Amino acid sequence: YDRDYPLSAPVPVRPVNVDGLRIGLARDWSLVPLQEGVKTAWEQAARAAAAAGFRLEEFTWDGHARAHSVWEFFFVHLPAPLVLKLLAPGIAHWTGLELFEGRREKPEPTGTQVMEQMAARDALRSRLLDRMEELPVLLTPPCAVTAFPHRQRPFRLGGSDFGLLEVMSPLTPA
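These numbers come from a predicted model, not from an experiment.

A.B. asks: What is the right way to look at the overall build of the chain in this model?
C.D. replies: Along the backbone of the chain there are 6 helices and 5 strands. The secondary structure elements of the chain, listed N-terminal to C-terminal, are β-α-β-α-α-α-α-β-β-β-α. Each principal axis of the C-alpha atoms in the chain carries an extent, and together these give about 55 × 45 × 35 Å. Contacts in the chain between residues far apart in sequence, at least 24 positions, make up 77% of those at least 6 positions apart. On the chain, roughly 11,300 Å² of surface is accessible, and the fraction owed to carbon and sulfur atoms is 57%. Averaging the positions of the 19 positive and the 21 negative side-chain charges in the chain gives two centres separated by 2 Å.

Below, the structure is given as structure tokens:
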């Protein structure tokens, strides 16, 4: 609990019992193929958890396919008009504008679109949390690629090119 952070919940710290903890393996959450180094590290982490005595189970849920587009709406489409207005090239670092540039000539999202996406987000979260009642800890790849050279874009994976948002897709389930 952090009294200076307004969204922090005043919940007391309590001991955690991990006996019998089941861990969900979110193997197929990425929208793109994983680089071999990422896949290897994720598999090593799963083996280490199993060796520590945790029970591992495949984790799937029916909302995964939609989650990426919902988060893209909230983190790219919705803020793009304001970000592009306030942060002109030369003022902001190129990485601060990267995801928004493709939205420059697109219309601003409507109030109806915002409400539809909020409803979709809430439904996704609800289904994910229901599923996590059984498996409260998830082991996911952090990203589809390992560390990459500055300004490297696109990312070539499995014979196809992908952008930054796609290679980060394992990180944002719902």
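A.B. asks: Sorry if this is basic, but what is going on with the sheet that holds strand β2 (residues 55-58) here?
C.D. replies: Across a sheet, strands are paired by hydrogen bonds formed along the backbone, either parallel or antiparallel in direction. Read from one edge to the other, the open sheet built from 3 strands follows the order β2-β1-β3, with strand pairing classed as parallel. Looking at strand neighbours, the two that pair on one side only are β2 and β3 (137-139), the edges of this open sheet. The mean inter-strand angle of the sheet, taken between neighbouring strand axes irrespective of direction, is 35 degrees. With 3 bridges joining them, strand β1 (residues 22-25) and β3 adopt parallel strand pairing. Bridging across to β3, L25 finds its partner in L139.

A.B. asks: Can you help me understand the nonpolar core in this one?
C.D. replies: The tendency in soluble globular proteins is for nonpolar side chains to be buried as a group. Counting residues in each nonpolar core, the largest one holds 12 residues, listed as F59, W61, A67, V70, W71, F73, F74, V114, A120, L124, L128 and L135. Secondary structure elements with two or more residues in this core: α2 (64-77) and α5 (111-132). A per-element tally of this core places α2 first, with 5 residues. Formed by 9 residues, the second largest nonpolar core is a distinct cluster that contains C143, A144, F155 and F162.

A.B. asks: Please explain α5 as it appears in this structure.
C.D. replies: The periodicity of an α-helix, 3.6 residues per turn, causes residues three or four places apart in sequence to face the same way. Here α5 spans 31 Å end to end across 22 residues, near enough to the 32 Å set by a 1.5 Å rise per residue. Those residues of α5 hidden inside the fold are in contact with α2.

A.B. asks: Looking at this model, I keep getting lost on the pattern of salt bridges. Mind explaining?
C.D. replies: Tallied over the entire structure, the rule returns 7 salt bridges. In this structure, R22 and E57 form a salt bridge, with 2.6 Å as the shortest nitrogen-oxygen distance. Of the two residues, R22 is situated in strand β1 and E57 in strand β2; the sequence distance between them amounts to 35 residues. Looking at R22, the relative accessible area reads 22%, which means it is partly exposed. Among the salt bridges present, the one from D122 reaches R121, with a minimum N-O distance of 3.0 Å. For D122, a relative accessible area of 42% translates into the label partly exposed.

A.B. asks: Looking at this model, I keep getting lost on the environment of H64. Mind explaining?
C.D. replies: Secondary-structure assignment places H64 in helix α2. Note: C-alpha distance between H64 and L124 (60 residues apart in sequence) is 8.1 Å.

Calculation notes
- Residues numbered from 1 in each chain as written.
- Predicted model: local features only at pLDDT ≥ 70, side-chain atom pairs only at ≥ 80, totals over all residues.
- Heavy atoms only, no water.
- Helix = DSSP H or I, 4+ residues; strand = E, 2+ residues; numbered from the N terminus.
- Contact = heavy atoms within 4.5 Å.
- Areas by Shrake-Rupley, 256 points an atom, 1.4 Å probe, with all protein chains shown as cover.
- Lys, Arg positive; Asp, Glu negative; His and termini not counted.
- Charge placed at Lys NZ, Arg CZ, Asp CG, Glu CD.
- Pairing = 2+ DSSP bridges.
- Axes fitted to C-alpha atoms, helices over the stretch in contact; angles between N-to-C directions.
- Core = buried A, V, L, I, M, F, W, Y, C linked by side-chain atoms within 4.5 Å.
- Buried < 20%, exposed > 50% of the residue type's maximum accessible area, 1.4 Å probe, protein only.
- Expected span 1.5 Å × (residues − 1).
- Salt bridge = Lys/Arg side-chain N within 4 Å of Asp/Glu carboxyl O.

Treat this as a map of the structure, not an account of what it does.
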